[in-house]
Amino acid sequence: MRHILVAVFALAVLLATAAPVSAQGFGLGARFAWVKQDVNVDADTVRFFGVHMRATGGRTGFELSFDRHTESFELINLKVIESPIQASLLMRLASGSFAPYLLGGPGWYKRTVEPIDGGDGESNTEFGWHAGGGLEIHAGRHIGIHGDYRYTFLDFNGDDDEGSGLPIVGGLPGYKGSQITLGATVYF
């Protein structure tokens with residue numbers, strides 16, 4: 001419950017401090033994401049496909065994204081469906097055609113395991129914070145192409161028993177996973 005209240009509070013602060021919408025204020029787009037779910041495990045990254053909505057104004061913005069990955073394991077008759085939802089505050093560091101930005105926010109990461117041939121499955125949802133940075137290139141007035149790197153499942157307490165790839169040093173949080181995202185947005 002605490003995680004939900006913090007996320008709602010962060011969204012309220014964002015909406016209360018949002019700058020007036022500029023010419024590229026609202027956009028919809030598609031994206032690819034390459035996700036490494038645990039940096040301490042020697043495993044390949046997994047490719048996700050998704051959609052996103054971006055609302056920007058001045059130096060701040062908001063992104064809501066939904067990704068999906070499905071993988072079937074026929075030998076054991078199981079299908080795994082992963083569907084993360086991320087809400088990100090965007091803070092642009094510069095304006096113009098090349099706009100670097102920082103981002104961060106909450107994420108809900110749902111995983112469902114079900115039989116391939118039908119039947120009931122099991123699902124769970126994990127909550128985690130993410131943060132990172134990226135670059136958006138404006139290709140004309142209504143098109144934006146972006147790429148970013150995100151640290152996922154940030155550990156602010158330093159008590160993560162599963163380990164983290166970045167130790168708590170000088171106030172920096174640890175993290176469990178990472179994500180590279182490439183996408184395109186059509187602004188209205």
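No experiment lies behind these values; they were computed from the predicted model shown.

Here we look at the overall build of the protein
- Each helix and strand counted, the protein has 1 helix and 8 strands in total.
- Relative to its full complement of 188 residues, the protein shows a buried share of 36%.
- Within the protein, contacts between residues separated by at least 24 positions form 58% of all contacts whose residues are at least 6 apart in sequence.
- For the protein, the accessible area works out to roughly 10800 Å², and carbon and sulfur atoms hold 63% of it.

Focus on the sheet that holds strand β2 (residues 46–57)
- Pairing is antiparallel around the closed barrel formed by 8 strands, whose spatial order is β1-β2-β3-β4-β5-β6-β7-β8. Recorded for the sheet is a direction-independent mean angle of 25 degrees between the axes of neighbouring strands.
- Across 10 bridges, the pairing between strand β7 (residues 143–152) and strand β8 (residues 177–187) is antiparallel. Opposite Tyr149, over in β8, you have Ile180 as the bridge partner.

Quick notes on the packing of aromatic side chains
- A complete count under the given rule lists 7 aromatic pairs for this structure.
- Centre to centre, the rings of Phe32 and Phe49 are 5.1 Å apart; their planes meet at 75 degrees, and the pair counts as edge-to-face. Of this pair, Phe32 sits in strand β1 (residues 26–36) while Phe49 sits in strand β2, and the two are 17 residues apart along the sequence.
- A relative accessible area of 40% means that Phe32 is categorised as partly exposed.
- Ring geometry for Trp108 against Phe127: centres 5.6 Å apart, planes inclined by 65 degrees, an arrangement best described as edge-to-face. Pair noted here: Trp108 is in strand β5 (residues 98–115) and Phe127 is in strand β6 (residues 122–138), with a separation of 19 residues, a long-range link.

The rules behind these values
Residues numbered from 1 in each chain as written. Predicted model: local features only at pLDDT ≥ 70, side-chain atom pairs only at ≥ 80, totals over all residues. Heavy atoms only, no water. Helix = DSSP H or I, 4+ residues; strand = E, 2+ residues; numbered from the N terminus. Buried < 20%, exposed > 50% of the residue type's maximum accessible area, 1.4 Å probe, protein only. Contact = heavy atoms within 4.5 Å. Areas by Shrake-Rupley, 256 points an atom, 1.4 Å probe, with all protein chains shown as cover. Pairing = 2+ DSSP bridges. Axes fitted to C-alpha atoms, helices over the stretch in contact; angles between N-to-C directions. Phe/Tyr/Trp six-rings, centres within 6.5 Å; stacked < 30°, edge-to-face > 60°.

Read these as layout, nothing more, since geometry by itself doesn't imply function.
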